[in-house]
Amino acid sequence: MRPKLVTVAGFGILAGAGAVWLAAHQPPERPTEPGPVLTVLVGASLLGCGLASWRARPENRLGPVMVLTAFAWFAGQLSEAPEAWVYTLGAAIQYWWVLGLIYLLLSFPSGRLPGRLERWLMGAGCSLFVIQLLAMLEGNKSGLRCPTCPSNLLQVVSDNPDARNLLLLERLLGGVLVTVIIVVLARRWWRASPAQRRAVAPVIVAGCITLAALAWTQALDLLGDPLSALPATVWFYTTAAVPIAVMFVFVQRRLARGMVAGLVVELGQPSLAPDLREALARTLGDPSLELAYWFPAEQCYVDGAGQMVKLPNARDGRSSTFVERDGQPIAVLLHDPVLEHNGELVRSVCAAASLALENERLQAELRARLSELQASRARLVEATDAERRRIERDLHDGTQQRLVSIAMSLGLLESKLPDQETATRPLVHEAREALALALQELRELTHGINPPLLTERGLAAALDELCRRAALPAHLQLNLRAEVRLPDQVESAAYFVASEALTNAAKHSHGSEVRVSASHQSGMLTLEVVDDGIGGAAGAGGSGLRGLADRVEALGGRLTVSSPPGRGTNLRAEIPCA
Amino acid sequence: MRVALADDAVLLREGLARLLGEAGFEVVGLAGDADDLLALVERTRPDVAIVDIRMPPTHTDEGLRAAKAIRERWPAIGILVLSQHVNARYALELLGSGTDGVGYLLKERVSDLDELSSSVNRVGEGGSVLDPAVVEELVGRRRQANNPLEHLTEREREVLALMAEGRSNRAIAERLFVTEHTVEKHVKSIFGSLRLPPSPDDHRRVLAVIAYLNSQ
């Protein structure tokens, strides 16, 4: 690689020296554009930046294109030579280098023409030089520019007006072509993402100014002021700026690669808990960067919020880069396609961040599992509540009614027994009594499963009833709007917590009274049961409360028990209800 | 006495109709839900309407609401609400608007033919009926210290409960195997202890007693 580049550089310097010699030794009466200084400046810029790009990005055509353009530029200076054949050759290829410039602008940053339009524009550029050759076949002097120029050896017929017309046509079409290219570049800029703009800005700006100066030169040529030096000078200076702009972009990328070191330092400080996406987006210069993590169990990528991520395909205008660690996929970076032209940077960022990404992946997996678990607990509670209601309804509509109906039949039987039937009557009475007891037990059972008042009248009424039936005197303080019904699961969780707490207070607290309060404020139901007993209730106060704590937590709430010895027990449940 | 009957469960509706017929009541019609019942009452103007509390469409307290509607439109018609649950709140809601001709009974009570016919008669005559289980809940509630109820004798509490069930002095006397005079003495003593104004009318005192029990 290196010897080849050195050879090219050597030839380039020789060509440059020759071109400068020609520019410096032209006869005084000949036009002086671009002159030795600009010849060196533009040529050196193209050659130097081209070689540097070639070396840095051998897979990218832009380096070789710039070097070729540099040679074409130097070759164009052959038109300054006094010998007729050299002059003729130089005049024929004088502006070929402009093709290189146009290719550079249209294909930046990938080095390939992105579409049919761009290829067509390149073709149009080439055809202009055919017109130039036609003009030279007809005209006696190259471009009819200087009376003192050497002979044009290509001339076949002498038809100066025709040659002039062809050259005017070339200028006209050239102006149109350049304008179209400026529009194409401007449109590309307009549609670009921030990351793409960042990557191409200096080149597009320098390129558009250069093309505008070229169009200006062509326009003045058309208007009959072909030798005006100013626009051409501007054009050459800005031409020198284009390779420098390309170089600038490459240097910027090198700087970005330097930022990877900063990224490593940043990610290495666990106390700061950096926003990984933010840090990577900054280092890669792509604010639209997204991260998704590999979930091996689901065999898919999931974002930080736990949503499954669909990987983009070519049509989406997004690209993806996969991150692996020890051969296992851990994450994918979804980014602007422009980063594909800077694969080395992306790869080094991925390498630097892979440990942090793996950590983040594990956390995301944990978060997803937790939210899955939470949802499954909530579903369980919901299912349990629905089941309770169903069982209560079934008992009410089925067994209870059948038993009542049997009681009615027994009552009828009893009434039909003759008064003297003393053997059967006590038996029937006994059966009725037993049935009454069974019905009472069933009633208590269904009430325990799902208190009808809770379903029918809501939490406030059910708590009121609960306190009235409590074994210890219970004072109820309600801050609930009776007409606002809370979600079923919330109401029944709160009800059963209060019920269990009242039972515990009566059984274990040795207190004289209980205070129950419930309030619903800003989406949170708070239930508190406080007794004046001996306190010292261990843990969550037995398995009954543990189950209820699970229930409350499944609804995203919290159950806390505070029971200092000698100072009563305070049980508090907070349940969110949106 | 003419009776209209509403219950969504066919088994119980038919059974109860049979029992009522057996007890000598004229069943003027059967209804399966609250709307049917209101239409039936409109058409037949019975003396008593017997209503199941839980009926379609929501299976919660349709019967209670139908009962309230009947009371508003035909105050003379007695209403007996039947429930499978001991629900003091509903009973009190029902009796809150006046105890004349209103009753609340557990369903299984009606299997006792005597109990059924006495309850329907009492409601039909403008008296009131409150299920013993509900009264037991009201009386049996644990109260704060120095509650006047704590000072009643065992016998006085029995009398209080029977009063709350809507029974007359005579019925109480029969139930407790004592003379009516003794019952009167107990009633006077109870009203004194609870600082309630004396109310000789069997019907009206129920409200006073229930209101008292509920307020404590």
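Definitions and cut-offs
- Residues numbered from 1 in each chain as written.
- Chains lettered and ligands numbered in written order.
- Predicted model: local features only at pLDDT ≥ 70, side-chain atom pairs only at ≥ 80, totals over all residues.
- Helix = DSSP H or I, 4+ residues; strand = E, 2+ residues; numbered from the N terminus.
- Buried ≥ 20, exposed ≤ 12 C-beta atoms within 10 Å, placed from the backbone.
- Contact = placed C-beta atoms within 7 Å.
- Pairing = 2+ DSSP bridges.
- Right-handed = clockwise from strand over helix to strand, strands pointing away.
- Axes fitted to C-alpha atoms, helices over the stretch in contact; angles between N-to-C directions.
- Parallel < 35°, antiparallel > 145°, perpendicular 65-115°, else oblique.
- Nonpolar A, V, L, I, M, F, W, Y, C, P; charged D, E, K, R; others polar.
- Core = buried A, V, L, I, M, F, W, Y, C linked by C-beta atoms within 7 Å.
- Domains from an automatic or database assignment.
- pLDDT = per-residue confidence, 0-100.
- Expected span 1.5 Å × (residues − 1).

### Brief notes about the overall build of chain B
Here comes step 1: Secondary structure assignment for chain B yields ten helices and six strands.
Here comes step 2: Per-residue burial over chain B gives 46% buried out of 216 residues.

### A short note on the overall build of chain A
Here comes step 1: When helices and strands are tallied, chain A shows 16 helices and ten strands.
Here comes step 2: Residues classed as buried in chain A amount to 36% of the 578 residues present.
Here comes step 3: Relative to all contacts within chain A whose residues are 6 or more apart in sequence, the contacts with residues 24 or more apart total 66%.

### Some points on the pairing of strand β7 (residues 514-521) of chain A
Where a strand is regular, its side chains alternate between the two sheet faces.
All names here are of chain A.
Here comes step 1: Going residue by residue along β7, you find Val514, Val516, Ala518 and His520 tucked away on one face and Arg515, Ser517, Ser519 and Gln521 left uncovered on the opposite face.
Here comes step 2: Two elements, strand β6 (residues 474-479) and β7, share six bridges in a ladder whose sense is parallel. Each bridged residue has a counterpart across the sheet, and for Leu476 the counterpart in β7 is Val516.
Here comes step 3: In this fold, β6 hands off to helix α15 (residues 488-509), which returns the chain to β7; that crossover is left-handed.
Here comes step 4: When β7 meets strand β8 (residues 524-531), the two strands line up antiparallel, connected through eight bridges. Considered in β8, the bridge of Ser517 is made with Glu528.
Here comes step 5: Where β7 folds back on β8, the antiparallel hairpin that results is connected by two residues, among which Ser522 adopts a positive phi of roughly 35°.

### Observations concerning the sheet that holds strand β10 (residues 570-576) of chain A
Residues and elements named next belong to chain A.
Here comes step 1: Judged by pairing direction, the sheet is mixed, and its five strands sit side by side in the order β6-β7-β8-β10-β9 without closing on themselves. Each edge of the sheet is formed by a strand with only one pairing partner; in this case those strands are β6 and β9 (558-562). The sheet shows a mean angle of 10° between the axes of neighbouring strands, direction not considered.
Here comes step 2: Pairing geometry for β9 and β10, over five bridges, is antiparallel. Opposite Val561, over in β10, you have Leu571 as the bridge partner.
Here comes step 3: Helix α14 (residues 459-469) rests against β6 and β7 of the sheet, and its axis sits at about 170° to β6.
Here comes step 4: Those strands touched by α15 are β6, β7, β8, β9 and β10, and its axis lies near 10° from that of β8.

### Examining the packing of helix α5 (residues 96-107) of chain A against helix α6 (residues 116-138) of chain A
Each pair of packed helices can be described by the angle between their axes along with the distance between the axes.
All names here are of chain A.
Here comes step 1: Between α5 and α6, whose axes approach to 10 Å, the crossing angle comes to 175°. Between α5 and α6, the crossing angle belongs to the class labelled roughly antiparallel. Here Trp96, Leu99, Ile102, Tyr103 and Leu106 of α5 come into contact with α6, specifically with Glu118, Leu121, Met122, Gly125, Cys126 and Phe129.
Here comes step 2: Looking at the contact of α5 with α6, its residues break down into nine nonpolar, one polar and one charged.

### Some details on the nonpolar core
Residues and elements named next belong to chain A.
Here comes step 1: Core analysis: the largest hydrophobic core is formed by 91 residues, its most contacted members being Leu104, Val246, Ala331 and Ala353.
Here comes step 2: The leading source of residues in this core is helix α9 (residues 229-267), at 13 residues.
Here comes step 3: Summarising the domain contributions, this core has at least three residues from each of domain 1 (2-256) and domain 2 (277-371).
Here comes step 4: Here Ala353 is in contact with Leu263, Leu267, Leu276 and Leu280, once residues within four sequence places are set aside.

### Concerning the interface of chain A and chain B
Here comes step 1: Between chain A and chain B, the contact holds 28 residues from the first and 26 residues from the second.
Here comes step 2: Every element with two or more residues in the side of chain A that touches chain B is listed here: α11 (343-416), α12 (425-449), α13 (452-457) and α14 of chain A.
Here comes step 3: Here the side of chain A that touches chain B takes twelve residues from α11(A), the largest share from any one element.
Here comes step 4: Here the side of chain A that touches chain B is composed, by residue class, of 14 nonpolar, eight polar and six charged.

### Description of the pairing of β8(A)
Here comes step 1: Here seven bridges tie β8(A) to β10(A), and the two strands are oriented antiparallel to one another. Across the sheet, Thr526(A) pairs through a bridge with Glu574(A), a residue of β10(A).

### Considerations on the confidence of the model for chain B
Residues and elements named next belong to chain B.
Here comes step 1: Model confidence for chain B is summarised by a mean pLDDT of 86, while 93% of its residues fall at 70 or above.
Here comes step 2: Mean pLDDT across the elements of chain B bottoms out in helix α10 (residues 202-215) (72) and peaks in strand β1 (residues 2-6) (95).
Here comes step 3: Listed scores for the predicted complex are pTM 0.61 and ipTM 0.86.

### A look at the confidence of the model for chain A
Caution applies to low-pLDDT regions: their predicted coordinates should not be interpreted in detail.
Here comes step 1: Within chain A, residue pLDDT values average 82, and 92% of them lie at 70 or more.
Here comes step 2: Averaged pLDDT values over the elements of chain A bottom out at 76 in α9(A) and peak at 94 in β8(A).

### Section: unusual backbone geometry
Residue and element names in this part refer to chain B.
Here comes step 1: A cis amide bond links Pro56 with the next residue in sequence, Pro57, at an omega value of 5°.
Here comes step 2: Although it is not a glycine, His59 adopts a positive phi angle of roughly 55°.
Here comes step 3: Within the secondary structure, His59 is located in the loop between β3 (48-52) and α3 (62-73).

### Quick look at α6(A)
All names here are of chain A.
Here comes step 1: Here α6 spans 34 Å end to end across 23 residues, near enough to the 33 Å set by a 1.5 Å rise per residue.
Here comes step 2: Listed as buried for α6 are Gly125, Gln132, Ala135, Met136 and Glu138.
Here comes step 3: Buried residues along α6 sit in contact with α4 (84-93), α5 and α7 (160-191).

### Looking at the sheet that holds β1(B)
Residues and elements named next belong to chain B.
Here comes step 1: On the basis of which strands lie adjacent, the open sheet formed by six strands has the order β2-β1-β3-β4-β5-β6 and parallel pairing. Looking at strand neighbours, the two that pair on one side only are β2 (26-31) and β6 (128-130), the edges of this open sheet. Each neighbouring strand pair of the sheet contributes to a mean axis angle of 20°, computed without reference to strand direction.

### A closer look at the packing of helix α7 (residues 154-164) of chain B against helix α9 (residues 180-193) of chain B
Residue and element names in this part refer to chain B.
Here comes step 1: Between α7 and α9, whose axes approach to 10 Å, the crossing angle comes to 95°. Here α7 is positioned roughly perpendicular relative to α9, judged by the angle of their axes. Of the residues in α9, those touching α7 at Arg155, Glu156, Val159 and Leu160 are Val183, His186, Val187, Ser189 and Ile190.

### A word on the environment of Asp100(B)
Residue and element names in this part refer to chain B.
Here comes step 1: The residue Asp100 is located in the loop between α4 (88-96) and β5 (102-106) in this model.
Here comes step 2: In this structure Asp100 comes out as partly exposed when scored by C-beta crowding, with 19 C-beta atoms within 10 Å.
Here comes step 3: On a C-alpha basis, the gap between Asp100 and Gly127 in space is 5.3 Å, while along the polypeptide they are 27 residues apart.

### Remarks on the environment of Ile182(A)
Here comes step 1: By the secondary structure assignment, Ile182(A) is in helix α7.
Here comes step 2: Apart from residues no more than four positions distant in its own chain, Ile182(A) is found in contact with Cys208(A), Leu211(A) and Ala212(A).

### Structural notes on α3(B)
All names here are of chain B.
Here comes step 1: If you check α3, its first and last C-alpha atoms are 17 Å apart, about what twelve residues at 1.5 Å a residue would give, namely 16 Å.
Here comes step 2: Residues of α3 that are buried: Glu62, Gly63, Leu64, Ala66, Ala67, Ile70 and Arg71.
Here comes step 3: Check the buried side of α3 and you find it contacts β1, α2 (34-44), β3, β4 (78-83) and α4.

### A few points about the environment of Leu355(A)
All names here are of chain A.
Here comes step 1: With respect to the helices and strands, the residue Leu355 is situated in helix α11.
Here comes step 2: A tally of 14 C-beta atoms within 10 Å means that Leu355 is categorised as partly exposed.
Here comes step 3: For the pair Leu355 and Leu267, spaced 88 residues apart in sequence, the C-alpha separation works out to 9.0 Å.

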